[in-house]
Amino acid sequence: MSIADNLLKYKNELDEVAVKLIAVSKYQEASAVLEAYNAGQRVFGENIVQELVEKQAQLPPDIEWHLIGHLQTNKVKYIAPFISLIQSVDSLKLLIEINKQAAKNKRVIDCLLQIYIADEDTKFGLGYDEAIDLLRSEEFTAMKNVRITGLMGIASNNALEKQTLDEFTELRVLFDGIKVSFFRKDDSFKELSMGMSGDYKLAIEAGSTMVRVGSNIFGKRKIKHWKEEV
Ligand SMILES: *Cc1c(COP(=O)(O)O)cnc(C)c1O
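Let me sum up the structure you'll find in this document. (Residues numbered from 1 in each chain as written. Predicted model: local features only at pLDDT ≥ 70, side-chain atom pairs only at ≥ 80, totals over all residues. Heavy atoms only, no water.)

The subject of this paragraph is helix α6 (residues 128–136). Residues of α6 that are buried include every one of Ala131, Leu134 and Leu135, and no others. Looking straight down α6, one finds its buried side chains confined to an arc of 95°; they lie on one side. Facing away from the buried side of α6, by more than 90 degrees, are the exposed residues Asp129 and Arg136. Buried positions along α6 lie against α5 (92–104), β5 (109–115), α7 (138–141) and α8 (161–182). (Buried < 20%, exposed > 50% of the residue type's maximum accessible area, 1.4 Å probe, protein only. Helix = DSSP H or I, 4+ residues; strand = E, 2+ residues; numbered from the N terminus. Arc of directions from axis to C-beta. Contact = heavy atoms within 4.5 Å.)

This is the structure we're talking about:
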């Protein structure tokens, strides 16, 4: 199956349930991204700032780029001019920097709070209480150049279906609670980014509005040119 065939399959499946597809192009050559672009895909997700910046410079300007990997505060400045959505906000400190760089670029940057839902030590993200504390903080309340449009989560690797579904459902419940408590009158808080190649069906069952699919579209990831953020 070609990239275009894979995309078509997802498009048909996701359109039916009104879920948005983020094509995760990390570790793929720019030519593969262009192939997907020519097949109609416009939204791409990348993990690593350097890789994202290099691709953004050589690919069509109407691509909507999402950052989905851990973001270090000192790298926000490189993506602030063009990023469409930062899905991986995992601290107040990071959000403060995004707000600052967005202001410098005279933009409002959309962000998702990444919530820790997996039963593992290795994943980034805010705990439930930390997310609530962030939303209640004076620093956040005063921010003018970021907009929180939802939540993102990554389920445990290699878990049984039941556990994966439970993790996604917990995130959905948190989303509903945060919506009511903090964004009741704010229509832009509406995204729940959960689900990847292996678990997107369970994520949709639990209420996902955007899935992040890489290997099912592009095949195996190519040689790493860039070091993963740590
Ligand atoms: C790599 C990655 C994906 C895509 O993973 P696949 O299993 O290739 O679909 C989705 N979300 C995040 C945060 C990722 O790092």
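Alternating positions in strand β2 (residues 43–46) separate into two faces, Val43 and Gly45 on one and Phe44 and Glu46 on the other, with burial throughout. Note: strand β1 (residues 20–24) against β2, two bridges, orientation parallel. When the sheet's bridge partners are listed, Val24 is paired in β2 with Gly45. In this region the chain leaves β1, passes through helix α2 (residues 30–38) and returns to the parallel neighbour β2; the handedness of that crossover is right-handed. The sheet contact formed by β2 and strand β3 (residues 64–67) spans four bridges and is parallel. (Pairing = 2+ DSSP bridges. Right-handed = clockwise from strand over helix to strand, strands pointing away.)

Let us now look at the pairing of strand β4 (residues 85–89). For β4, the tally of buried residues reaches five of five residues, placing the bulk of the element in the interior. Judged from the two bridges that link them, β3 and β4 form a sheet pairing that is parallel. Bridging from a neighbouring strand, Leu67 pairs with Ile86 of β4. In this sheet, β5 lies alongside β4 in parallel orientation, the contact comprising three bridges. When the sheet's bridge partners are listed, Ile86 is paired in β5 with Cys111.

For the rest of this paragraph, the subject is the layout of surface pockets. By volume, the second largest pocket amounts to about 200 Å³. In this structure, the second largest pocket is lined by 13 residues; those nearest its centre are Leu7, Lys11, Leu21, Gly40 and Gln41. Contributing elements (two or more residues each) for the lining of the second largest pocket: α1 (3–16) and β1. In terms of residues, the lining of the second largest pocket owes the most to one element, α1, which gives six residues. Of the residues that constitute the lining of the second largest pocket, the class distribution is seven nonpolar, two polar and four charged. (1 Å grid on protein atoms, 1.4 Å probe; cavity = no way out; pocket = protein on both sides within 12 Å on 5 of 7 lines; lining within 4 Å. Points joined across faces, edges and corners; volume = space filled by probe spheres on them. Nonpolar A, V, L, I, M, F, W, Y, C, P; charged D, E, K, R; others polar.)

Moving on, we get to the packing of aromatic side chains. Going through the model one piece at a time under the given rule, you end up with four aromatic pairs. Ring geometry for Phe44 versus Trp65: centroids 5.9 Å apart, planes at 40°, classification tilted. With a gap of 21 residues between them, Phe44 in strand β2 and Trp65 in strand β3 connect regions that are remote in the sequence. Here Phe44 matches Trp65 in class, with each residue buried. Counting every residue linked through ring pairs, the aromatic cluster contains Phe175, Phe183 and Phe189. Lying across the ring of Tyr10, Lys9 places its NZ or CZ 4.4 Å from the centre. (Phe/Tyr/Trp six-rings, centres within 6.5 Å; stacked < 30°, edge-to-face > 60°. Lys NZ or Arg CZ within 6 Å of the ring centre and 35° of its normal.)

Turning our eyes to something else, we now look at the site of the ligand. Neighbouring residues of the ligand: Val24, Lys26, Asn47, Ile68, Ile154, Met196, Ser197, Arg212, Val213, Gly214, Ser215 and Arg221. Note that an oxygen atom of the ligand is positioned 2.7 Å from one of the side-chain N or O atoms of Lys26. Contacts to the ligand include Ser197, whose side-chain N or O atom sits 2.5 Å from an oxygen atom. Within the complex, 90% of the 390 Å² of free accessible area of the ligand lies under protein. When grouped by side-chain class, the residues that make up the shell around the ligand number five nonpolar, four polar and three charged. (Near = heavy atom within 4 Å. Polar contact = N/O pair within 3.5 Å; in protein donor to acceptor, adjacent residues only side chain to side chain. Areas by Shrake-Rupley, 256 points an atom, 1.4 Å probe, with all protein chains shown as cover.)

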